[in-house]
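Descriptive structure summary
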Amino acid sequence: MAVSNGASELKAGPNAQAAAGAKLSALFAGTMGPLIGLVLLCLALSVTTDTFLTVRNILNVLDQVTVLGIMAIGMTLVILIGGIDLSVGSVLALAAMVMGFVGHPDHLNLGMPAGIVTALVVAGLCGLVSGLLVTVTKLPPFIATLAMMSVARGLANMITDGSQIIGFPDWFTSLSIIRHFGFLSVTVGLMIVLAIIFAIFLNYRATGRSLYAIGGSAEVARLSGIPVKSLTNWVYAVCGVLAGLAGIVLAARLDSVQPSSGFGYELDTIAAVVSGGVGSIGGTAIGVLIIGVLRNGLNLLGVSPFIQQVVIGVVIALAVATDTWRRRAQ
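All values derive from a computational prediction rather than experimental measurement. (Residues numbered from 1 in each chain as written. Predicted model: local features only at pLDDT ≥ 70, side-chain atom pairs only at ≥ 80, totals over all residues. Heavy atoms only, no water.)

A short note on the overall build of the protein chain
Helix and strand counts for the protein chain come out as 14 helices and 2 strands. For the protein chain, buried positions account for 45% of its 330 residues. For the protein chain, long-range pairs separated by at least 24 residues make up 76% of all intrachain contacts whose partners lie at least 6 apart in sequence. In the structure as shown, the protein chain presents an accessible area of about 15900 Å², 70% of it carried by carbon and sulfur atoms. (Helix = DSSP H or I, 4+ residues; strand = E, 2+ residues; numbered from the N terminus. Buried < 20%, exposed > 50% of the residue type's maximum accessible area, 1.4 Å probe, protein only. Contact = heavy atoms within 4.5 Å. Areas by Shrake-Rupley, 256 points an atom, 1.4 Å probe, with all protein chains shown as cover.)

Structure below.
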């Protein structure tokens, strides 16, 4: 009996290891091309600049991509089900303004915790409305979220008549400034934790796997018993909450909020998701780093911001094209 059990364990060992390896590879499915591109980009910038490959600059890159990274997690879910959300930049601004208006002493002065909670609720409602416009009124996601983009931006301006709110408590701004253990700020840690949570959710939970099914074919998913409409609403609501959370993180970094915050962020967010290879949080993380490293490196090289937009657009196009060619070859 002991020998039999031992043999079973020996057989189970390699199988368990293979299963674990398969699950780990699923977290980064389809990311080999973007990952190689990121490594080559880092090598090129290390050769062309003296300051890129330093601990201080690497930490700066992580700080700079925190807002984009949090938003990109939500956008990953939306794109995964075959949707798009053009409102995330405006929802970011609205959530930040709501937080400032509710929590700042010069306005409602209900305290920052109340401001943060209210901001997240408002952002989630914006996402939910976008989802309902898609599932109930049957508007295309592009049109539904374009409408929400306009509404959210208008509301953000209405709160203070277009004025910014400056000056938050030290404990709040310290969330993005103080590096615990010498390298990790609370905001960067939050981004990493969220990425891990959603990666586990997509790969190890039945609901997460259902999102892949909806993206493959919503009608087939519905016939299979998957609640397509409710999951779609949920995904847009989560995307809204994460956009609102990104607005709070941005406020902590800048010690201010303004209605124009997040302008153009929706494009960077979509670019980060598609450049890393659509379908995994690991790929999104790589895409976020590609955008962040590229912007940082071009700034170190003194490249004009206008030229930066052209370069980033070309790099994104090449990354997506390379991934498409790889998939066709397989």
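Things to note about the packing of helix α2 (residues 32-48) against helix α13 (residues 281-300)
Following both chains from N to C, one finds α2 and α13 inclined at 20 degrees, their axes separated by 10 Å at the closest point. Taken together, the axes of α2 and α13 lie roughly parallel to each other. Like other packed secondary-structure pairs, α2 and α13 cross with a definite hand, here left-handed. Contacts between α2 and α13 involve Pro34, Leu35, Leu38, Leu41, Cys42 and Leu45 on the former and, on the latter, Ile286, Leu289, Ile290, Val293, Leu294 and Gly297. Among the residues making up the contact of α2 with α13, the classes are represented as 11 nonpolar, 1 polar and no charged. (Axes fitted to C-alpha atoms, helices over the stretch in contact; angles between N-to-C directions. Parallel < 35°, antiparallel > 145°, perpendicular 65-115°, else oblique. Left-handed = near helix turned anticlockwise from the far one by under 90°. Nonpolar A, V, L, I, M, F, W, Y, C, P; charged D, E, K, R; others polar.)

Quick look at the confidence of the model for the protein chain
Considering every residue of the protein chain, the mean pLDDT works out to 88; 89% of them sit at 70 or more. Predicted confidence for residues 16-22 stays below pLDDT 50, and this span has 0 contacts to residues more than four positions away or in other chains. (pLDDT = per-residue confidence, 0-100.)

Observations regarding the nonpolar core
A general feature of soluble globular proteins is that nonpolar side chains tend to end up buried together. Residues Met99, Phe172 and Leu211 are the most contacted members of the largest nonpolar core, which totals 86 residues. Per-element tally for this core: the top contributor is helix α11 (residues 228-254), with 15 residues. Sequence-distant contacts of phenylalanine 172, that is, excluding residues within four places in its chain, are made with Met99, Met112, Ile116, Ile248, Ala251 and Ala252. (Core = buried A, V, L, I, M, F, W, Y, C linked by side-chain atoms within 4.5 Å.)

Let's talk about the side chain of asparagine 233
Considering the arrangement of structural elements, one finds asparagine 233 in helix α11. What makes asparagine 233 buried here is its relative accessible area of 13%. Setting aside anything within four residues of it in sequence, one finds asparagine 233 in contact with Leu128, Gly131, Leu132 and Thr135.

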